[in-house]
Amino acid sequence: MVKTYIVPFLGTCCSLGQFLKEQGYSSSMLKRLRKEGGILVNGAFRRNIDEITEGEVITVDFPDKASVLPPNGSLNISIAFENEDILIFEKPDNILVHPATRNFNDALGNYFSYLHPGIPFRPLGRLDRHTTGLCLIAKNRLTAVQLDHAIEKDYFAIAEGLVEKDQGIVDAPLLRVNGSVIQRKVDPKGQPSITHYQVLYRGQHHTFLKLHLETGRTHQIRVHMAHLGHPLAGDSLYGGSVQSIGRQALHCGGLHFHHNGQDHHIISPLPKDMAILLSFMKHQI
């Protein structure tokens, strides 16, 4: 990938490094680019401390060693937002973000490769197979670095029982369960994990919540809600009942981030199964 910039009128003296930092490049990224790629001004080498002037052309070459997944165009997954740097999928139920092994090609990444041949698949955060909602893919290395840990996500969930507090914080470290590849548990020896929750609606037997993560651990919301005594509806792995819904009632319904001078707020409505359960909750009272 090659990015090109034409230096505008700057008004004051500006070094190459200062200019690129204003475009979103970190100091560590500039160092890596010096070693792995190339930064040229008018086709020639120039140091980061050297001054640049109006009209000069800066090219930044990103060597991309990430793998490209096999394409699969049969999945037909909806796109919530797309521009030259970003694609946001509306991930449905029962699909992985990455293929389980190299022999499978039925994941979100395979459909991305069909849409954008030759571009490595870089999801910024992952959703479980049965978690629905927004999944952001960076189309290039620069965007991936710029947005890493810079995206705020709104999750919506339906939990078993009535959560007592209107809002709260679960601060409980998570550790992988011995003998399991995927299952997690609360354990003092685990990684720090913090979840904020807000009750949006209480029915007779379920609670509808909005959640925000400070950390992004595997199964974090699912384990933390079970730790509160309110596993997600449909989440049989952590004690939820499948009588009301056939999968964990968890949906990533909002992404908020700043990129290239613009604030983006992308939303996704509840999927049909969760919307039906929420409607049933409201008609019970």
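Residues numbered from 1 in each chain as written. Predicted model: local features only at pLDDT ≥ 70, side-chain atom pairs only at ≥ 80, totals over all residues. Heavy atoms only, no water.

1. Notes on the pattern of salt bridges
Going through the model one piece at a time under the given rule, you end up with nine salt bridges. Between aspartate 166 and arginine 202 there is a salt bridge, and its shortest N-O distance comes to 2.8 Å. Of this pair, aspartate 166 sits in the loop between strand 10 (152-160) and strand 11 (167-171) while arginine 202 is found in strand 14 (residues 194-202), placing the two residues 36 residues apart along the sequence. Overall, arginine 202 belongs to the partly exposed group, its relative accessible area being 28%. Overlapping salt bridges, with partners in common, bring together Asp128, Arg222 and Asp235 in one network. (Salt bridge = Lys/Arg side-chain N within 4 Å of Asp/Glu carboxyl O. Helix = DSSP H or I, 4+ residues; strand = E, 2+ residues; numbered from the N terminus. Buried < 20%, exposed > 50% of the residue type's maximum accessible area, 1.4 Å probe, protein only.)

2. Some details on the side chain of arginine 184
Mapped onto the secondary structure, arginine 184 falls in strand 13 (residues 184-186). Notably, arginine 184 is buried but unbridged: the nearest opposite-charge side chain belongs to aspartate 128, and the N-O separation is 9.1 Å. Within the structure, arginine 184 has its side chain in polar contact with the backbone oxygen of valine 181 (distance 3.4 Å). (Lys, Arg positive; Asp, Glu negative; His and termini not counted. Polar contact = N/O pair within 3.5 Å; in protein donor to acceptor, adjacent residues only side chain to side chain.)

3. Concerning the nonpolar core
One finds Ile88, Leu136, Leu209, Leu211, Met225, Leu255 and Phe257 to be the most contacted residues of the largest nonpolar core, which totals 28 residues. Only strand 8 (86-91), strand 9 (132-138), helix 4 (141-147), strand 10, strand 14, strand 15 (206-213), helix 5 (220-227) and strand 16 (250-259) provide two or more residues apiece to this core. Among the elements that line this core, the one with the most residues is strand 16, at four residues. If sequence neighbours within four positions are ignored, leucine 136 has contacts with Ile86, Leu87, Ile88, Arg122, Pro123, Leu124, Leu147, Ile151, Leu255 and Phe257. Membership of the second largest hydrophobic core comes to 17 residues, among which are Cys14, Tyr25, Ile39 and Ile58. (Core = buried A, V, L, I, M, F, W, Y, C linked by side-chain atoms within 4.5 Å. Contact = heavy atoms within 4.5 Å.)

4. Focus: the sheet that holds strand 6 (residues 57-61)
Across the sheet, which stays open at both edges, the four strands sit in the order 1-6-3-4 with antiparallel pairing between neighbours. Edge positions in the open sheet fall to strand 1 (2-6) and strand 4 (44-45), since each of these has one partner strand only. Both strand 3 (residues 38-41) and strand 6 contribute to a ladder of four bridges, which runs antiparallel. By the bridge assignment, glycine 38 is partnered in strand 6 with aspartate 61. (Pairing = 2+ DSSP bridges.)

5. Notes on unusual backbone geometry
One non-glycine residue, asparagine 76, lies in positive phi territory at about 55°. Structurally, the position occupied by asparagine 76 is in the loop between strand 6 and strand 7 (79-82). Of note, asparagine 94 is a non-glycine position whose phi angle comes to about 65°, a positive value. Using a relative accessible area of 47% as the deciding quantity, one classes asparagine 94 as partly exposed.

6. Some thoughts on the pairing of strand 16
Where burial is concerned, most of strand 16 is hidden: nine out of the ten residues are buried. Examined bridge by bridge, strand 9 and strand 16 share two bridges and lie parallel to one another. Among the inter-strand pairings, glycine 133 is bridged to a residue of strand 16, identified as cysteine 252. In this sheet, strand 16 lies alongside strand 10 in antiparallel orientation, the contact comprising six bridges. Residue pairing in the sheet places tyrosine 155 in a bridge with cysteine 252 of strand 16.

7. Looking at a nonpolar patch on the surface
Where nonpolar side chains cluster on the molecular surface, the patch consists of Val181, Ile182 and Leu237 and spans about 290 Å² of accessible area. Mapping isoleucine 182 onto the fold places it in the loop between strand 12 (174-176) and strand 13. On the basis of relative accessibility, which here comes to 44%, the residue isoleucine 182 falls in the partly exposed class. (Patch = residues over 30% accessible without salt bridge, like charges linked within 9 Å, V, L, I, M, F, W, Y side chains within 5 Å. Areas by Shrake-Rupley, 256 points an atom, 1.4 Å probe, with all protein chains shown as cover.)

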